[in-house]
Amino acid sequence: MKLDPFYLIVDDVSWLRRLLPMGVRLVQLRIKDRSDPEIREQVVTARSLCARAGACLIVNDYWRIALDEGCDFVHLGQSDLDEADVPALKKAGVRIGISTHSPDELERALTFKPDYIALGPVYPTTLKVMPWAPQGLARVAEWKRLIAPIPLVAIGGLTVERLPGIFRAGADSAAVVSDVIRHATPETRAREWIEATRSMAAK
């Protein structure tokens, strides 16, 4: 499969109303610390907004809700793999992306035959405290050699200015959180990301 080179991650469906009109075509809804009814409502709304915009929605963590609501893509962390019913997801045609941070995690992730592998943090990130050191571009290149032709998503500390190195190292898509939603003008920054990633992916 082919992923859009710009992979936006948001923590609330309200961001989709603002940023989908900018041309975002791949977005992950990653919600923390909400009740299941609130999360379900967010997922249902996000699914509808993305469908109207022609964008691909990826639901983080909440695979049961995604399955119930007919979503077709989920993202799972390593701890999610302990309980997720991956056979049920695959039977329903739900695609799966998996986070990795070490060779052992990559080896485990590949046993699930994922639709993409995410590697991070590539650079230092202020979004959350990470138990892993920055991976660096050499690790991006190593991962790509190990998983090709599975798409590779780079995440963690990414900026538009760092994009050339990310794509040269082998990433297929750049996942972005803070550099867009914490920017002074998120809509403008999203457009800059879209233009930059699509230009580089076309080379």
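Everything quoted here is computed from the prediction, not taken from an experiment.

Student: Break down the overall build of the chain for me, with residues and values.
Tutor: Of regular secondary structure, the chain possesses nine helices and eight strands. Against the 2.2 N^0.38 benchmark of 17 Å for 203 residues, the chain shows a C-alpha radius of gyration of 16 Å, consistent with a compact globule. Projected onto its principal axes, the C-alpha positions of the chain cover 40 × 40 × 30 Å. As presented, the chain carries roughly 9500 Å² of accessible surface, and 52% of it is formed by carbon and sulfur atoms. Both charge centroids of the chain, one from 27 positive and one from 26 negative side chains, sit 5 Å from each other.

Student: Describe the packing of helix α5 (residues 103-110) against helix α6 (residues 136-147), naming the residues involved and giving the relevant values.
Tutor: A packed helix pair is summarised by two numbers, namely the angle formed by the two axes and the spacing between the axes. Where α5 meets α6, the axes come as close as 12 Å, and the angle between the chain directions of the two elements is 30°. Judged by the inter-axis angle, α5 sits roughly parallel to α6. Once α5 is placed against α6, the crossing between them reads as right-handed. Judged by residue contacts, Pro103, Leu106 and Leu110 of α5 engage Arg139, Trp143, Leu146 and Ile147 from α6. Tallied by class, residues from the contact of α5 with α6 come to six nonpolar, no polar and one charged.

Student: Describe the sheet that holds strand β5 (residues 95-100), naming the residues involved and giving the relevant values.
Tutor: Taken together, eight strands build a closed barrel; the order of strands is β1-β2-β3-β4-β5-β6-β7-β8 and the barrel is parallel. Taken pair by pair, the neighbouring strands of this sheet meet at an average axis angle of 25°, ignoring direction. Lying over the sheet, helix α2 (residues 36-53) contacts β2 (26-29) and β3 (56-60), oriented at roughly 165° with respect to β3. On the sheet, α5 packs against β5 and β6 (116-119) and is oriented at approximately 165° with respect to β5.

Student: Pulling in residues and values, what's your account of the nonpolar core?
Tutor: A general tendency of soluble globular proteins is for nonpolar side chains to be buried together. In terms of nonpolar packing, the biggest core is built from 71 residues, with Leu16, Val180 and Trp193 touching the most fellow members. Leave out the neighbours within four places in its chain, and Leu16 touches Val10, Pro21, Val27, Ala46, Leu49 and Cys50.

Student: Could you give an account of the pattern of salt bridges, naming the residues involved and the relevant values?
Tutor: Within this structure, the stated rule accounts for 14 salt bridges. Of the charged contacts in the structure, one is a salt bridge between Asp4 and Arg198, with a shortest N-O distance of 3.3 Å. Pair noted here: Asp4 is in the segment before β1 (6-10) and Arg198 is in helix α9 (residues 186-201), with a separation of 194 residues, a long-range link. Across the pair Asp72 and Arg95 runs a salt bridge whose closest N-O atoms are separated by 3.9 Å. Of the two residues, Asp72 sits in the loop between α3 (63-68) and β4 (73-76) while Arg95 sits in strand β5, which places them 23 residues apart along the sequence. Asp72 gets classed as partly exposed once you look at its relative accessible area, which sits at 38%. A network of salt bridges, in which partner residues are shared, links Glu161, Asp179, Arg189 and Glu192.

Conventions adopted
Residues numbered from 1 in each chain as written. Predicted model: local features only at pLDDT ≥ 70, side-chain atom pairs only at ≥ 80, totals over all residues. Heavy atoms only, no water. Helix = DSSP H or I, 4+ residues; strand = E, 2+ residues; numbered from the N terminus. Rg over C-alpha atoms; globule rule 2.2 N^0.38 Å. Areas by Shrake-Rupley, 256 points an atom, 1.4 Å probe, with all protein chains shown as cover. Lys, Arg positive; Asp, Glu negative; His and termini not counted. Charge placed at Lys NZ, Arg CZ, Asp CG, Glu CD. Axes fitted to C-alpha atoms, helices over the stretch in contact; angles between N-to-C directions. Parallel < 35°, antiparallel > 145°, perpendicular 65-115°, else oblique. Left-handed = near helix turned anticlockwise from the far one by under 90°. Contact = heavy atoms within 4.5 Å. Nonpolar A, V, L, I, M, F, W, Y, C, P; charged D, E, K, R; others polar. Pairing = 2+ DSSP bridges. Core = buried A, V, L, I, M, F, W, Y, C linked by side-chain atoms within 4.5 Å. Buried < 20%, exposed > 50% of the residue type's maximum accessible area, 1.4 Å probe, protein only. Salt bridge = Lys/Arg side-chain N within 4 Å of Asp/Glu carboxyl O.

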